[in-house]
Amino acid sequence: MDIEPPAALVGAYAALPSLRADRERFYEALTGRGIADGLEIPYRDGLGEDAAWLAAQMRGRFTRSVITLIPGTMERVGASGTFGLASADPDGRKAAIGFLREARTAAEELNQLTGEQSVSVLHIHTAPSTTAVAEMFARSLDEIAASEPAAGAWSTRLVLEHCDAHAPGVPGEKRFLSLDAEIPLAREARIKIAVNWGRSAIEAQDPGRPLAQITRLASEGLLEGVMFSGAGPSANAYGGPWADAHLPLTEDEPTSLMDADEVRRCLRAAEGALSYAGAKIQVPGDATVDERLAMVDRVMRLLPARGPGAVAGRA
């Protein structure tokens, strides 16, 4: 029996040009050149663009996309220190539940605007930084489930995105719960887990950590997706050492520890377990649209071929 390849997602917001006309060209080329069939879309205070314009970019192009709550989550964690679904502070946890509901409603509205299943997944997280409590995250998910409308009313599902865990002696970036803590939470809530390559590498300042976590989650039947976003130990044009700076492949940024062989190893470990996989990378600020697309495609062509529309040579 053939296994359907994972949806190919691009976190386009990390590589978008600044001008709207160039952004439209970028989105058009992602599907026109067979680079992607879905997006990872950031959620802060809404979807960032005029909703009708974003829907027009997605309609007929991008399906099975993901909305990630991490940008808005980190803004709120930075402002209060107590915001998060795993917060021990009642107000911080209540605010995070409300934020998730807002994002889910926005996803539904986007799907209605496109008239398609444009967004299928929301990435949620075990914030806040350093003080997250597993029991509070479980309580938040219970409260969300209890207050939701009848089964089938939502067209999206929740996926827990693992980010770098709080560890003594490691500065980290997100500093949420460990994978050891998240696995039983996900299993109890009957949701799966996504891995971001760079954030897992940052967690232990170890480029072998993403592969180990992907292998573990796949073996336990809990792996949903993998996004390839690089990281490295040296300062570079995109950020400082071990920053969550979405570095491209090593061939485009020598300080990045994410090379083609490592991407392939991770994909082999995840084979048959993924619903989606993709790339979220930064590009030089002065890069042309074609240069941006080429850098993204160097990651995406490493993914499994998706059929007749896939880029030739992707393997």
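Values in this document were obtained by computation on a predicted structure and should not be read as measured data.

Trainee: When you look at empty space enclosed by the protein in this model, what are you seeing that I'm missing?
Mentor: Empty space among the atoms can be located by rolling a probe the size of a water molecule over them. Applying the stated criterion across every chain yields a total of one cavity of 30 Å³ or more. Computed from the structure, the largest cavity encloses a volume of approximately 70 Å³. Contributing to the lining of the largest cavity are L69, T73, F83, G84, L85, A96, F99, L100, I124, H125 and A127. Considering each element in turn, the lining of the largest cavity owes the most residues, three residues, to helix α4 (residues 90–114).

Trainee: I would appreciate a short explanation of the nonpolar core in the present structure.
Mentor: One broad trend across soluble globular proteins is that nonpolar side chains are buried collectively. Grouped together as the largest cluster of nonpolar side chains are 91 residues, with contacts concentrated most on F26, L30, I67 and F228. Considering every element that reaches this core, the biggest residue donor is α4, with eight residues. Those residues in contact with L30, other than ones at most four positions away along the chain, are V10, A12, I35, A36, L39, F62 and L293. Among the nonpolar cores identified, the runner-up in size contains eight residues, and L9, V66, V159 and Y276 belong to it.

Trainee: Just checking my understanding: could you explain the packing of helix α6 (residues 179–189) against helix α8 (residues 209–219) for this structure?
Mentor: Between two packed helices, what matters for the description is the angle formed by their axes and the separation of those axes. Orientation of α6 relative to α8, taken along the N-to-C sense of each, is 25 degrees, at an axis distance of 12 Å. What the angle tells us is that α6 and α8 run roughly parallel. The two elements α6 and α8 meet at a crossing, and its hand is right-handed. Contacts from L179, D180 and I183 of α6 reach α8 at Q213, R216 and L217. Considering only residue class, the contact of α6 with α8 consists of three nonpolar, one polar and two charged.

Trainee: Could you clarify how one ought to interpret the side chain of S65 in this entry?
Mentor: Relative to the helices and strands, S65 resides in strand β3 (residues 65–68). Among residues more than four places away in sequence, those in contact with S65 are L9, G38, L39, I41, M58, S118, V119, S120 and V121.

Trainee: Mind showing me how you'd approach the sheet that holds strand β5 (residues 157–162) here?
Mentor: Sheets are built from strands paired through backbone hydrogen bonds, the pairs being either parallel or antiparallel. Strand order in the closed barrel formed by eight strands is β1-β2-β3-β4-β5-β6-β7-β8, and the pairing between neighbours is parallel. Within this sheet the neighbouring strands show an average axis-to-axis angle of 30 degrees, counted without direction. Two elements, strand β1 (residues 7–10) and strand β8 (residues 276–279), share four bridges in a ladder whose sense is parallel. The residue bridging V10 from the neighbouring strand is A279, located in β8. Sitting on the sheet, α6 touches β5 and β6 (192–196), and the angle it makes with β6 is about 150 degrees.

Trainee: Any chance you could explain the pattern of salt bridges here in plain terms?
Mentor: Should the charged atoms of two oppositely charged side chains come close, the side chains can pair. Enumeration over the complete set of coordinates arrives at 19 salt bridges. Linking E143 and R93 is a salt bridge whose minimum nitrogen-to-oxygen distance equals 3.1 Å. A residue pair is termed long-range when its members are at least 10 positions apart, and E143 in helix α5 (residues 134–147) and R93 in helix α4 qualify at 50 residues. Among the residues examined, E143 registers a relative accessible area of 33% and is labelled partly exposed. Across the pair D252 and R298 runs a salt bridge, and its minimum N-O distance is 2.9 Å. Residue D252 is located in the loop between β7 (223–228) and α9 (260–270), and its partner R298 is located in helix α10 (residues 289–300); the two are separated by 46 residues in the primary sequence. By sharing partners, the salt bridges in this structure join E161, K174, R199 and D244 into a single network.

Trainee: Which parts of the structure should I look at to understand the state of the cysteines?
Mentor: Between two cysteines, a covalent bond joining their sulfur atoms is known as a disulfide. For the coordinates displayed, the defined rule picks out zero disulfides. Its sulfur unpaired, C163 is 16 Å from the next cysteine sulfur, which belongs to C266.

Trainee: How do you make sense of α10 when you look at a structure like this?
Mentor: Because each turn of an α-helix spans 3.6 residues, side chains separated by three or four positions end up pointing in the same direction. Look at α10: 16 Å from first C-alpha to last across 12 residues, which is about the 16 Å you get at 1.5 Å a residue. When α10 is considered as a whole, its buried residues turn out to be V289, R292, L293, M295, V296, D297, V299 and M300. Contacts from the buried residues of α10 go to β1, α1 (20–32), β7 and β8.

Trainee: Explanation requested: the layout of surface pockets in the structure shown.
Mentor: Quantified by volume, the largest pocket comes out at close to 350 Å³. Elements with a minimum of two residues in the lining of the largest pocket: α5, β5 and α6. The element that contributes the greatest number of residues to the lining of the largest pocket is α5, accounting for five residues. Its residues assigned to classes, the lining of the largest pocket shows 10 nonpolar, no polar and eight charged.

What counts and how
- Residues numbered from 1 in each chain as written.
- Predicted model: local features only at pLDDT ≥ 70, side-chain atom pairs only at ≥ 80, totals over all residues.
- Heavy atoms only, no water.
- 1 Å grid on protein atoms, 1.4 Å probe; cavity = no way out; pocket = protein on both sides within 12 Å on 5 of 7 lines; lining within 4 Å.
- Points joined across faces, edges and corners; volume = space filled by probe spheres on them.
- Helix = DSSP H or I, 4+ residues; strand = E, 2+ residues; numbered from the N terminus.
- Core = buried A, V, L, I, M, F, W, Y, C linked by side-chain atoms within 4.5 Å.
- Buried < 20%, exposed > 50% of the residue type's maximum accessible area, 1.4 Å probe, protein only.
- Contact = heavy atoms within 4.5 Å.
- Axes fitted to C-alpha atoms, helices over the stretch in contact; angles between N-to-C directions.
- Parallel < 35°, antiparallel > 145°, perpendicular 65-115°, else oblique.
- Left-handed = near helix turned anticlockwise from the far one by under 90°.
- Nonpolar A, V, L, I, M, F, W, Y, C, P; charged D, E, K, R; others polar.
- Pairing = 2+ DSSP bridges.
- Salt bridge = Lys/Arg side-chain N within 4 Å of Asp/Glu carboxyl O.
- Disulfide = S-S within 2.5 Å.
- Expected span 1.5 Å × (residues − 1).

Don't take any of this as a statement about function, it's just geometry.
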